[in-house]
Amino acid sequence: MGFSFWLAGLRSFSKKSAFSNALRNSSYLKKFQFSTSQNNLPSTIAEKCKTQFFSWSSSLLPLALAASAGSLAFQSQNIQPSLCEPSNLDSRKVSIGRKSSTEFVVKGIHKEVTQELIDELKAICQDNMTLDYDERFYHGKPQNSFHKAVNIPDVVVFPRSEEEVSQIVKSCDKHKVPIVPYGGATSIEGHTLSPNGGVCIDMTLMKRVKALHIEDMDVVVEPGIGWMELNEYLEPYGLFFPLDPGPGATIGGMCATRCSGSLAVRYGTMRDNVISLKVVLANGDIVKTASRARKSAAGYDLTRLMIGSEGTLGVVTEVTLRLQKIPEHSVVAMCNFPTIKDAADVAIATMLSGIQASRVELLDEVQVRAINIANAKNLPEVPTLMFEFIGTEAYSREQTQIVQRIVSEHNGTDFVFAEDPQAKKELWKIRKEALWACFTMEPNFEAMISDVCVPLSHLAELISRSKQELDASPLICVVIAHAGDGNFHTVILFDPNQEEHRREAERLNQFMVYTALSMEGTCTGEHGVGTGKMKYLEKELGIEALQTMKRIKTALDPNNIMNPGKLIPPHVCF
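Residues numbered from 1 in each chain as written. Predicted model: local features only at pLDDT ≥ 70, side-chain atom pairs only at ≥ 80, totals over all residues. Heavy atoms only, no water.

Undergrad: Quick question: what am I supposed to make of the sheet that holds strand S11 (residues 286-288) here?
TA: Backbone hydrogen bonds hold the strands of a sheet together, and the pairing may be parallel or antiparallel. A sheet is described by the order of its strands in space; here five strands give the open sequence S7-S8-S12-S10-S11, paired in antiparallel fashion. The open sheet is flanked by strand S7 (209-213) and S11, the only strands paired with a single partner. Neighbour to neighbour, the strand axes of the sheet diverge by 15° on average, direction disregarded. As judged from the three bridges shared by strand S10 (residues 274-280) and S11, these two strands associate in the antiparallel manner. Bridging from a neighbouring strand, Val279 pairs with Val287 of S11. Packing against the sheet, helix H8 (residues 227-234) makes contact with S7, strand S8 (218-221) and strand S12 (315-322), and its axis sits at approximately 45° to S7. (Pairing = 2+ DSSP bridges. Helix = DSSP H or I, 4+ residues; strand = E, 2+ residues; numbered from the N terminus. Axes fitted to C-alpha atoms, helices over the stretch in contact; angles between N-to-C directions. Contact = heavy atoms within 4.5 Å.)

Pasting the structure below:
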């Protein structure tokens, strides 16, 4: 999970006119208050912004007087807050996420956290909070992302209960200080950055399994528990939670980013596997989004609204999850192909055959090379497909034989399969650690990771076109795909200190995104938006959809404390 914020304020130019009083009292002006302490923007930038605002506001005085003469009375209580970011953000370079942006450092406007708020947080959390710089720095830098921010959290708190989360959020809302929910820090789009400082709410102490309903095949958990920990707990009961993103991901963060994983082709994504949530809203209210029933037509679907909201609407404090029976038997198969298009064609043909594969994973030859280097393996360095088939022993083997025939019809070779539990576990462990394997080729580089997803019929074309562009690039680029549902990732390794590397990585990423969008696809299949994907949303969804999101955000979070600067592009107004 992960999240950051926008706070600021300016003063009105006059205390005499009704119009200036209205401006001074409105939350719009309070939104742009600058501070120039050591963690903030340089004072020259702050002064420039003040000067720009005073010039702007002074120019409005004749307009205000003319409107007053025309019997238009401005009352301070009727002035509405600004519903978009100020238009001079581009010139000041204080934001990221606009179209064609190539900045990797997310900038923001810092507001000093008052001693009063710190005292309130201390009363709530007791010793479970810290002002230590190293701890704050750690929480302000995602562990697997090249994104960085100019600021870090001012305070990190570690709540132990839902009630503590509610009190923390309520205090932050009162002081108009941003909050960043924090889980496993495995997100890769800058979700846990704190570009405006504020309070980081580390949820990792809230990791209890609150209730297991074996006969109903569901479980109620706190958000800080990891999916791997949860499956260890469930295994003795013959149950498991089927989503499998990167190691270290927590259930709360998985809800926030609407993640999935390699098993999504069989079991769906997070939105399909969450029955209900409890969420703390920006004012501290605790909302239960649904009952524990498997289906309901009662009112708006608040559960799906919160899943994928990336902490911009609330903080998840409890999750009820749908579980699955551990399969009786499974078979893992691998095969090789001369081209990546051949491999993608087989993935599509397999899904069209009606076979219920639980995993269909594609690795290009560069990824296989990285795996060989990292794990001292000797796998053929060619495009490779990995399958998993589950069910009874007879059914799993029958599926395997059908796919073997499909593979032979599409230039596939070296079809092998494993049924031994340890051999299967080792194969999937290699796939799960693919990202880390990539870094063995360039240990000092960063990774920009694409996450495009298209309708399955377009997957082979998208991968083929992308692969041509990637192979022609001077950068090392690796392709990994959840080929069964049209989602593929490219790991682009680049030196963040070399501008030409950064621009080339961004160019490649944009090429794949725009190509996917032209095929009615999406810029993000499972990683979420954060700060890194905001610039693509208007092209994908349209301004009307973004304005609707902004209306929802403004209604639930009028003070904009819940992860501002994430998900919704700053230029969106209504």
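Back to the write-up after that little detour.
Undergrad: Got a minute to help me understand unusual backbone geometry in this structure?
TA: Comment: phi is negative for the bulk of residues other than glycine, and the bulk of peptide bonds are trans. In this structure, Ala185 takes a positive phi of about 60° despite not being glycine. Tracing the backbone shows Ala185 in the loop between strand S5 (179-182) and strand S6 (199-202). Notably, Asp414 is not glycine yet its phi reads approximately 55°, a positive angle. On the secondary structure map, Asp414 appears in strand S17 (residues 413-418).

Undergrad: Looking at this structure, I do not really get the packing of aromatic side chains. What am I missing?
TA: One pair of aromatic rings is described through two measures. These are the centre distance and the angle between the planes. Per the counting criterion, the structure on display carries six aromatic pairs. Between Phe146 and Phe494, the ring centres sit 5.6 Å apart and the planes meet at 80°, which makes this aromatic pair edge-to-face. Placement of the pair is Phe146 in the loop between helix H6 (133-139) and strand S3 (148-149) and Phe494 in strand S21 (residues 487-494), with a sequence separation of 348 residues. Of the two residues examined, Phe146 and Phe494, each falls in the buried class. A centroid spacing of 5.7 Å and a plane angle of 15° characterise the contact between Phe387 and Phe389, whose relative ring orientation is stacked. Like Phe387, the residue Phe389 is buried in the burial classification. The lysine or arginine in question, Arg359, covers the ring of Trp428, its NZ or CZ lying 4.5 Å from the ring centre. (Phe/Tyr/Trp six-rings, centres within 6.5 Å; stacked < 30°, edge-to-face > 60°. Buried < 20%, exposed > 50% of the residue type's maximum accessible area, 1.4 Å probe, protein only. Lys NZ or Arg CZ within 6 Å of the ring centre and 35° of its normal.)

Undergrad: I keep staring at helix H15 (residues 393-408) and nothing clicks. Help me out?
TA: Three- or four-residue spacings in an α-helix give side chains the same orientation, since the helix completes a turn every 3.6 residues. With 16 residues, H15 extends 23 Å from end C-alpha to end C-alpha; this agrees with the ideal 22 Å at 1.5 Å per step. Restricting attention to buried positions, one finds in H15 the residues Ser396, Gln399, Thr400, Val403, Ile406 and Val407. On an axial view of H15, the arc spanned by its buried residues comes to 120°, and they lie on one face. Seen from the buried face of H15, the exposed residues on the opposite side, beyond 90 degrees, are Ala394 and Ser408. At its buried positions, H15 is contacted by strand S14 (329-336), helix H13 (340-352), strand S16 (384-391) and S17. (Expected span 1.5 Å × (residues − 1). Arc of directions from axis to C-beta.)

Undergrad: It is not clear to me how the packing of helix H5 (residues 115-125) against helix H7 (residues 162-175) should be interpreted in this structure. Could you clarify?
TA: What describes two packed helices is the angle between their axes and the distance between those same axes. The geometry of H5 relative to H7 is characterised by a closest axis approach of 10 Å and an angle of 175° between their N-to-C directions. Judged by the inter-axis angle, H5 sits roughly antiparallel to H7. Between H5 and H7, the residues in contact are Glu116, Leu117, Glu120, Leu121, Ile124 and Cys125 and Glu164, Gln167, Ile168, Ser171, Cys172, Lys174 and His175, respectively. Among the residues forming the contact of H5 with H7, the class breakdown is six nonpolar, three polar and four charged. (Parallel < 35°, antiparallel > 145°, perpendicular 65-115°, else oblique. Nonpolar A, V, L, I, M, F, W, Y, C, P; charged D, E, K, R; others polar.)

Undergrad: Would you mind going over the side chain of Thr515 with me for this structure?
TA: Turning to its location among the elements, Thr515 is positioned in helix H19 (residues 499-518). Residue Thr515 is classed as buried on the basis of its relative accessible area, which comes to 4%. A polar atom in the side chain of Thr515 sits 2.6 Å from the backbone oxygen of Phe511. The residues contacting Thr515, other than those within four sequence positions of it, are Leu462 and Arg465. (Polar contact = N/O pair within 3.5 Å; in protein donor to acceptor, adjacent residues only side chain to side chain.)

Undergrad: Explanation requested: the environment of Pro153 in the structure shown.
TA: Residue placement: Pro153 occurs in the loop between S3 and strand S4 (155-157). Linking Pro153 and Leu131, residues 22 residues apart in sequence, is a C-alpha distance of 8.9 Å.

Undergrad: Just checking my understanding: could you explain the sheet that holds S6 for this structure?
TA: Taken together, four strands build an open sheet; the order of strands is S2-S4-S6-S5 and the sheet is mixed. Every other strand in the sheet has two partners, leaving strand S2 (129-130) and S5 as the edge strands with one partner each. Contacting S4, S5 and S6, H7 crosses the sheet at an angle of about 170° to S6.

Undergrad: Help me out: how do you make sense of the environment of Asp218 in this one?
TA: Of note, Asp218 is situated in strand S8. Residues contacting Asp218, with those up to four places away along its chain left out, are Ala211, Leu212, His213, Ile275, Arg292, Arg294, Thr320, Leu321 and Leu323. Side-chain polar atoms of Asp218 contact the side chain of His213, separated by 2.6 Å.

Undergrad: What am I meant to see in a nonpolar patch on the surface here?
TA: Judged by side-chain polarity, Tyr300, Leu302, Leu305 and Ile552 come together as a nonpolar surface patch covering roughly 390 Å² of accessible area. Position of Leu305 relative to the elements: it lies in helix H12 (residues 302-306). Classification of Leu305 as partly exposed rests on a relative accessible area of 31%. (Patch = residues over 30% accessible without salt bridge, like charges linked within 9 Å, V, L, I, M, F, W, Y side chains within 5 Å. Areas by Shrake-Rupley, 256 points an atom, 1.4 Å probe, with all protein chains shown as cover. Salt bridge = Lys/Arg side-chain N within 4 Å of Asp/Glu carboxyl O.)

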